[in-house]
Structure formats: C-alpha cells, structure tokens
Amino acid sequence: MKYIISIACLLSFFAFAALNAQTLSQKWFDESISFEQRADLLIDAMTLEEKCSQFLSESPAIQRLGVPEYNWWNEALHGIARNGKATIFPQGIAMAATFNPTLIKEVANAISDEGRAKFEVSKSIGNRGMYAGLTYWSPNINIFRDPRWGRGQETYGEDPYLTSKIGIAFVQGLQGNHPKYYKSTACAKHFAVHSGPEALRHSFNVNPSKLDLYETYLPAFEALVTEGNVQGIMGAYNAVYGEPANSSTFLLDDILKKQWGFDGYIVSDCGALGDILKGHKKAKTAEEAAALALLAGVNLNCGWVYGKLKSAVEQGLVTESLINERLKKLFLIRFKLGFFDSDKNNPYTQLGTSVINSDKNKAIALKTAQQSIVLLKNDNNVLPLDKNIKTLYVTGSFAASTDILMANYYGVSPNMVTVLEGITNKVSLGTSVEYRLGVLPFQKNLNPLNWAPKVAKTTNATILVAGISNEIEGEEVDAIASENKGDRNDLKLPQSQIDYIKEISKNKIGPLVLVIGTGSPVSLEDIEPYVDAIVLMWYPGEQGGNAVADILFGDVAPSGHLPITFPKNVNQLPPFDDYSMKGRTYKYMEKEPMYPFGFGLSYGKTEFSNPMGNAKKIKKGQDFSVSVEIKSTSNQNFEDVIQVYLVPEDTKGYLPYYALKAFKRVTLKAGKSEKINFNLANKDFYQTDLNGAKTWIKGNYKIIIANALPSKRSQDLGASKPVEIAVQLI
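What you are looking at is a predicted structure, and each value in this text was computed from that prediction instead of being measured. (Residues numbered from 1 in each chain as written. Predicted model: local features only at pLDDT ≥ 70, side-chain atom pairs only at ≥ 80, totals over all residues. Heavy atoms only, no water.)

### What about the overall build of the protein chain?
Using the following cut-off: Strands are runs of DSSP state E lasting at least 2 residues, helices are runs of H or I lasting at least 4, and numbering of each runs from the N terminus. For the radius of gyration, the atom set is restricted to C-alpha positions; the globular benchmark scales as 2.2 Å times the number of residues to the power 0.38. Three exposure classes are used, based on accessible area relative to the maximum for each residue type with a 1.4 Å probe and protein chains only: buried under 20%, partly exposed in between, and exposed over 50%. Throughout, a contact is declared for two residues whenever any of their heavy atoms are within 4.5 Å. Computed by Shrake-Rupley with a 1.4 Å probe, the accessible areas treat only the displayed protein chains as cover when residues are assessed. Charged-residue counts in this description rest on Lys and Arg as positive and Asp and Glu as negative, His and the chain ends being excluded. Charge positions are represented by NZ for Lys, CZ for Arg, CG for Asp and CD for Glu.
For the protein chain, the count of helices and strands is 21 helices and 24 strands. What you see for the protein chain is a C-alpha radius of gyration of 27 Å, in line with the 27 Å of a compact globule of 730 residues. Overall, the C-alpha framework of the protein chain stretches about 80 × 75 × 50 Å when taken along its three principal axes. A burial count over the protein chain gives 61% of its 730 residues as buried. Taking as baseline every contact in the protein chain between residues at least 6 positions apart, the subset at least 24 positions apart corresponds to 77%. Carbon and sulfur atoms make up 50% of the accessible area of the protein chain, which totals about 27400 Å². In the protein chain, 77 positive and 75 negative side-chain charges are present, and the distance between their average locations comes to 3 Å.

### Re unusual backbone geometry
The omega torsion of the bond from serine 138 to proline 139 falls at 10°, within 30 degrees of zero and hence cis. Locating proline 139 in the fold gives a position in the loop between helix 5 (101-124) and helix 6 (160-175). The peptide bond linking glycine 196 to proline 197 adopts the cis configuration, its omega dihedral lying at 0°. When you line up the elements, proline 197 lands in the loop between strand 3 (187-191) and strand 4 (205-206). One non-glycine residue, threonine 585, lies in the positive phi region at around 60°.

### Observations regarding the packing of aromatic side chains
Convention followed: Here is the rule: rings of Phe, Tyr and Trp (six-membered ring for Trp) pair when centre to centre is within 6.5 Å. Planes less than 30 degrees apart are stacked, more than 60 are edge-to-face, and the remainder are tilted. Each ring is checked for a lysine NZ or an arginine CZ that lies within 6 Å of its centre and within 35 degrees of its normal; such an atom marks a charge sitting over the ring.
On inspection of all chains with the given rule, the structure shows 31 aromatic pairs. Aromatic side chains tryptophan 72 and tyrosine 265 sit 5.1 Å apart centroid to centroid with 55° between the ring planes, which places their arrangement in the tilted category. Of the two residues, tryptophan 72 sits in the loop between strand 2 (70-71) and helix 4 (92-97) while tyrosine 265 sits in strand 8 (residues 265-268), which places them 193 residues apart along the sequence. Pair check on accessibility: tryptophan 72 and tyrosine 265 agree, each one buried. Positioned above the aromatic ring of tyrosine 579 is the side chain of arginine 145, whose terminal nitrogen or guanidinium carbon lies 3.7 Å from the ring centre. The ring centre of phenylalanine 678 lies 5.0 Å from the NZ or CZ of lysine 664, which sits over that ring.

### Some points on the state of the cysteines
Put simply, the rule is: When the sulfur atoms of two cysteines come within 2.5 Å, that pair is taken as a disulfide.
A complete count under the given rule lists one disulfide for this structure. Two residues, cysteine 270 and cysteine 302, share a disulfide whose sulfurs are 2.1 Å apart. Between cysteine 270 and cysteine 302, the S-S torsion sits near 90°, and that sign places the bridge as right-handed. Taken together, the residues cysteine 270 in the loop between strand 8 and helix 10 (272-277) and cysteine 302 in the loop between helix 11 (286-296) and helix 12 (309-314) connect sequence positions 32 residues apart. Take cysteine 270: its relative accessible area is 19%, and that puts it in the buried class.

### Things to note about the side chain of arginine 201
Just so we agree on the cut-off: Identification of polar contacts relies on pairs of N or O atoms within 3.5 Å, with a donor-acceptor requirement for protein atoms, meaning one able to donate a hydrogen and the other able to accept it, and with residues adjacent in sequence counted only if both atoms are side-chain atoms.
Here arginine 201 lies in the loop between strand 3 and strand 4. Reaching out from arginine 201, the side chain makes a polar contact with the side chain of glutamate 475 at a distance of 3.2 Å.

### Some thoughts on the packing of helix 2 (residues 35-44) against helix 13 (residues 320-336)
Any two packed helices are characterised by the angle at which their axes cross and by the distance between the axes. Short version of the rule: Fitting a line to C-alpha atoms yields each axis, with helices limited to the stretch in contact; the angle taken between N-to-C directions then spans 0 to 180 degrees. Angular relationships are summarised with four words: roughly parallel below 35 degrees, roughly antiparallel beyond 145, roughly perpendicular across 65 to 115, and oblique for the angles in between. Left-handed describes a crossing whose near helix is turned anticlockwise from the far helix by less than a right angle; the clockwise case is right-handed. Ten residues, namely Ala, Val, Leu, Ile, Met, Phe, Trp, Tyr, Cys and Pro, are considered nonpolar, four, namely Asp, Glu, Lys and Arg, are considered charged, and the remaining ones, Gly among them, are considered polar.
For the pair helix 2 and helix 13, interaxial distance at closest approach is 9 Å and the crossing angle is 125°. As the angle between them shows, helix 2 and helix 13 are arranged oblique. Relative to helix 13, helix 2 is oriented so that their crossing is right-handed. Residues Phe35, Glu36, Arg38, Ala39, Asp40, Leu42 and Ile43 of helix 2 form the contact with helix 13, whose own contacting residues are Asn324, Leu327, Lys328, Phe331, Leu332, Phe335 and Lys336. Split into classes, the residues belonging to the contact of helix 2 with helix 13 amount to eight nonpolar, one polar and five charged.

### Remarks on the sheet that holds strand 7 (residues 243-244)
Threshold: When DSSP finds two or more bridges between a pair of strands, those strands are recorded as paired.
The strand order across the open sheet formed by three strands is 4-6-7, and the pairing between neighbours is mixed. The open sheet has two edge strands, strand 4 and strand 7, and neither has a second partner.

### Some thoughts on the sheet that holds strand 17 (residues 624-632)
An order of 15-17-20 is seen for the three strands of this open sheet, with the pairing classed as antiparallel. Sheet topology places strand 15 (606-613) and strand 20 (673-680) at the edges, where each strand pairs with a single neighbour. For this sheet the average axis-to-axis angle between neighbouring strands, irrespective of direction, equals 25°. Of the pairings in the sheet, the one linking strand 15 to strand 17 comprises six bridges and is antiparallel in character. Bridge pairing links phenylalanine 608 to isoleucine 630 in strand 17.

### Brief notes about the pairing of strand 14 (residues 533-536)
Every second residue of strand 14 is oriented toward a common face, with Ala533 and Val535 on one face and Ile534 and Leu536 on the other, all of them buried. Where strand 9 (residues 374-378) and strand 14 come together, four bridges link them in antiparallel fashion. In the strand pairing of strand 14, leucine 375 is matched with valine 535. Where strand 13 (residues 512-517) and strand 14 come together, four bridges link them in parallel fashion.

### Regarding the confidence of the model for the protein chain
Note the threshold: The quantity called pLDDT is the predictor's confidence in a given residue, expressed from 0 to 100.
With 97% of its residues at a pLDDT of 70 or more, the protein chain has an overall mean of 95. Note on residues 1-19: pLDDT under 50 across the span, and zero contacts to partners over four residues away in sequence or across chains.

Next comes the structure, spelled out in structure tokens:
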C-alpha cells in the first residue's frame, strides 16, 4: 500500500512539474502583462480546429496549451441553481416587489459568494461540467408584458425603469467590485422583445412599433449595459423585424455594440442557432446558420450549430480573422475570472465553503421574502393575528409545500421552511394548530368525502394557502402540469382551489386569511369577497414560511408593492401573441385592474403633504428636484415605497398615461414626520416618440408622488392619497 501511494505521489509530482514548466514557457500565463495581450497570445498559439472547439458552451480542454475544460452554462436566477446545496432566495418577481435595489445587490453578492466557493470545490473534485462554472446566465430582464407568460415569474415585472434598477443591482452583486477580477459574470437575457407564448418561441417573428421597442422592450438592456457593465447578453429564440435575434445585425451590432458600446460576450439561448435553420428557415445548412450568427456577433453557442464553424470557414462563409475576434471576447471573460492566474492573487478564490447556505445568507433570504410580501386586502384590520390565539386552522394545497417556495431555476437547501412550519414556530405553544391539506392543487378531490372544510367551524381563524406553482407556469420544458407548455390560458386559480376557498368561507367562524403563492398575477375577482385578508407571498424562497408568519403575526409589517398590474380577468388583456403595448401594463392600460401596479397595504398608513419642486417650468438641460413631507399615522413602525410618476396632461395618443421616474423605500417611525427628496435628471423628462427617438415633448405635466399607482382604484383599495406638482416643459 505504501509503495502504491508513493508511486501515485511521484506521478502527481511529475505531472505538476510538467504543467508548471509548461505554463512558465507560455506567455498567456504571465500575470505581468495585460489580459488583452494574453488572450491574443493564446489564440495565436491555437490551431483552427482548437479555436472552433471553444465556441460551444461545453468547451473542451486544450491540454497542450494549458487550457482547462470549461462549461459556460450556469444559472443564478435567485440563488445558485442545479448544483446542489445553495441558499434559495425569493424568485425574481418577488425581488422586484421589494423595490429595494440595495437589498437585491446584497442578495446577488451572497449568490456569487456561494458560487465562487462552490466553483473551487467543484474544481477540486474534477467537476468542470454544466452548472459548475462562474458565467451565470442571469438575470432575465424581459418585460412581463402579459401575465399569461409562464416565465414572467423570472423577470422584475412590467416596468422598464424598475426592471433597470433591480437588474443593475443584481449584476453588480454578481460581478463584484474588484479592479482586476470578476467574482462571476452576469448575462442579461433574452435579447430582445421576448415574452411568450412559450409554444411559439422558436419560430415567431415580432414587428414591434419603434415606440414600443425603444420605450418598453430595450431600456432595461441598455441600462444593464451602460450602467451595470453586464458582461453577457443572451440572444432570444424569436425573430425581430423578420430576422432571428441571434443573426440580427440590427440588434447585436447596430444597437448593442455601436449604440450602447457593449464589450462583453453574446451567447445564444440554448438551441436558438438551430432555430435559424429549422424554426425561422433563414439558412439551408448548419454552416450557413453558424456563419449568420457569427457575423452578427454571437460569440458562444449553447447548442450544436457552432460545431460546424470549421466547416463554415473552409466553405468561405466566415474568415479565420473573425473567428479570432469573436473568440477573444470569450477568453477575456475567462482571464478576468482568474482562470489563468494564480489563486493567491485573486481574493475571490479565498471564499470558503462556510458561505454556502450560511446563517448570514439565510437571513438575507428571510429579509428579502419579508420585504417582497404584498398585503392586498385586510378588511377590518384582521391582520396581524395574535400569537396567543387559542385555536388556528392551517389548510390549503400549498400550506405544507416546499415546491411553492422554490419557483424555477432553483438550488437545493436543507433549510426549507413551509408556511405551516413558519406559523407553528410563531404561535404560542399553547395554541391548538390543526392542519389538513383539504384540496388537491390542480384537480378535484377523488374522494367525495372531505372533513377539511368543516374544521373552519371550530377555530378562531383559518389560514388557507393557495396558488399555482412551477408545475403550472414556467418554461416550456419544465411546467409538467401545464396544458399550454408553461403558459396559462386564464389567470384564475385552479377550480378545485377556488371551490375549496368558497367552501371554507361558508364554514368559518373566525377570519379567513388567504395566502397566495404565485409568480404572476392571479385573477381574484371570484374569491376576493369570500376572504377577509389576502397576503401575496409569491415564490418566497427557502425562508418563505418564516417570512409569511412574521407578516401574519405582526413581527414585521408588510411592505412589498406590486411590480406588475393584476387584471380582474383575462378578458382585460389584449391577445397574448400581440406585442403592441396598447392596453398593456399600468402605462397604457385603460381598463380598471383588480390591483394596480405599485400597490401594497401595510399595518400603518402614510400621509403625504407639502410637495415642493424647484421649478414650475423646465427646459432642456435643467434637472428637477422635488420634496414631500411624509407622516406615519400608525402607532407602529413600518416601511413604505414612495413612488414618483410623470403624468402628461395630453398623451398625444401615444405617451404613457403614467411613467415611474423614481422610487424610494423608507422607514416610517410611529406618528413621526420626515421630509424626503427626489432628484430627477433632465433626461428623465425626455420621452419616446413614434419614431423611437428620445424627444423633448413640450407641454403640461404633473409630477405625482404616491405609494401606489396614483389612480382612483388604488385609493379605493386603501392606498394613500397622492400629492402632485404641476410643471411645464418648455
């Protein structure tokens, strides 16, 4: 045995010595010269075949050059995904509901800490495969234009400004702030004009108006490139203006690179280059499809088409110089992640495994879930409940479910807290808590006998946890309970749950509190009259049960606000496959919604007064500041989200009815007043014209300050009365 170990050690020593000698003779390992020079030196040393092998997301090792195997595909949507133990944070739509970019940057920083630690461990056991790398294909910053889209849960909602602010914070948290190295890299997806239907995504073409393209679909991508320094962009499956997104020189070269100055890498969505050939039929061969994508600017292919790049060069469809140019971007990312440098010089390699699912990160997950929860209804102030309540009934399809916590693109955590567990941990040990599932989530109960509804006759209060889940809404290949490849035909809860809520309501003697898990708007008009309070928890992550209990029993006051409009029903929506923004989102919707954008109640009330602006007339080049007095009329501390909207007197038939221009999460002390200020840059007053240009449009406007969309519907539901300032653009 000793002899065998000695031989193994000797072989290991010689292998290390050989590798060390090799790296000393190869200048791309020289840390004293720039990454640019090192990338050029490495590519110059490669054969054409070796170069072409590196354009697939599963890039093989080139041992003679010291290039290790690397798989680019990894996900970090709301935690490290598909790679074992990790903290599961609330889903993207829930992050947006916090209206707290500072917190979301903290979330992303925790995610990338865990990712770095996991990467080092993966290397140590020889795992360099899928989901083990540091190039995260997150965040999803598509606009959630239609609530039927199953992947809308991944986004930051329907507003480009809010999406931009949350997205920038997420990117900054993932990528870190080191002057030389990236902790990991983010990738903004799916570029562009992409939000379902899932069943058509591989072949549909979108012809958005220039107004919609530049007002709605592109601003978040521009912000993440120009302000967030995002290092990756993923091309969408669909076509735009007749050209597949991954072969569109208009999108990838004219806009992304020339107009915005993007200098990172572009990756296709998985299989999307095959769609150039099969879905959009823009190429006759894989070589032609590969050439179209490479010429447009795609650096990396998740899929198979770039396996034909060498053949495309040999056929004269692309040049080797273009191969070199596109490949350099990929290697610059790998150099900047420190893959070719000594670990001792990169501080991110020192992150130990203790950060993975640490108490600190679980606390961040809890705080994020708390701030994301939206209180939609609270008749007669039935919430918060008393922890010393004598009897309590917890029921519903998802009361004891961990699936409702996770959403999609999730990791694995040993610390999942269901709503039932959170409540049980919160109430007095003397409280009699009874639990029954009561109803199957997506179908009628098979047994006609069911005692569960009658339990509500015997308890002081009932908490019913309903909702949908990732099995109903999600990506086309994952939503196994969806008949629409992950999308929804309507916005209702499953009928079995609707019927159960009504049956419980008939039997209850105390208040009925409805807790809803979802990643998208749910039509509540059929059930809202039957319940006393509605708590929207989204897909709240591993600490979701604790966060919900904190809200229900008043340890934390609710402070989440809707990042998307909740329609009354699907009939209020334009056709799903219509990409015109007319009638969509709070900016253009004419019908009265169930719950407006920006809405969210709390256990206190905010009062606005004394709005003051620094000018009544604003001209080009002039910034604008506004202040307002806010006062808590509550006897407890709580947090609120103060929102600033620009409202035109004349929309001219195409301007948004409302446009969010600023927001701020504030803590209000019980009974106290304070003055808060907002500074609007002159560029905030430019608006998109019918040609897609940012234009100074003269006229009369209102600056409205509120804690929800400043509509009559918001006030009817309990939002504070907004205040306004009249201004004129001259």
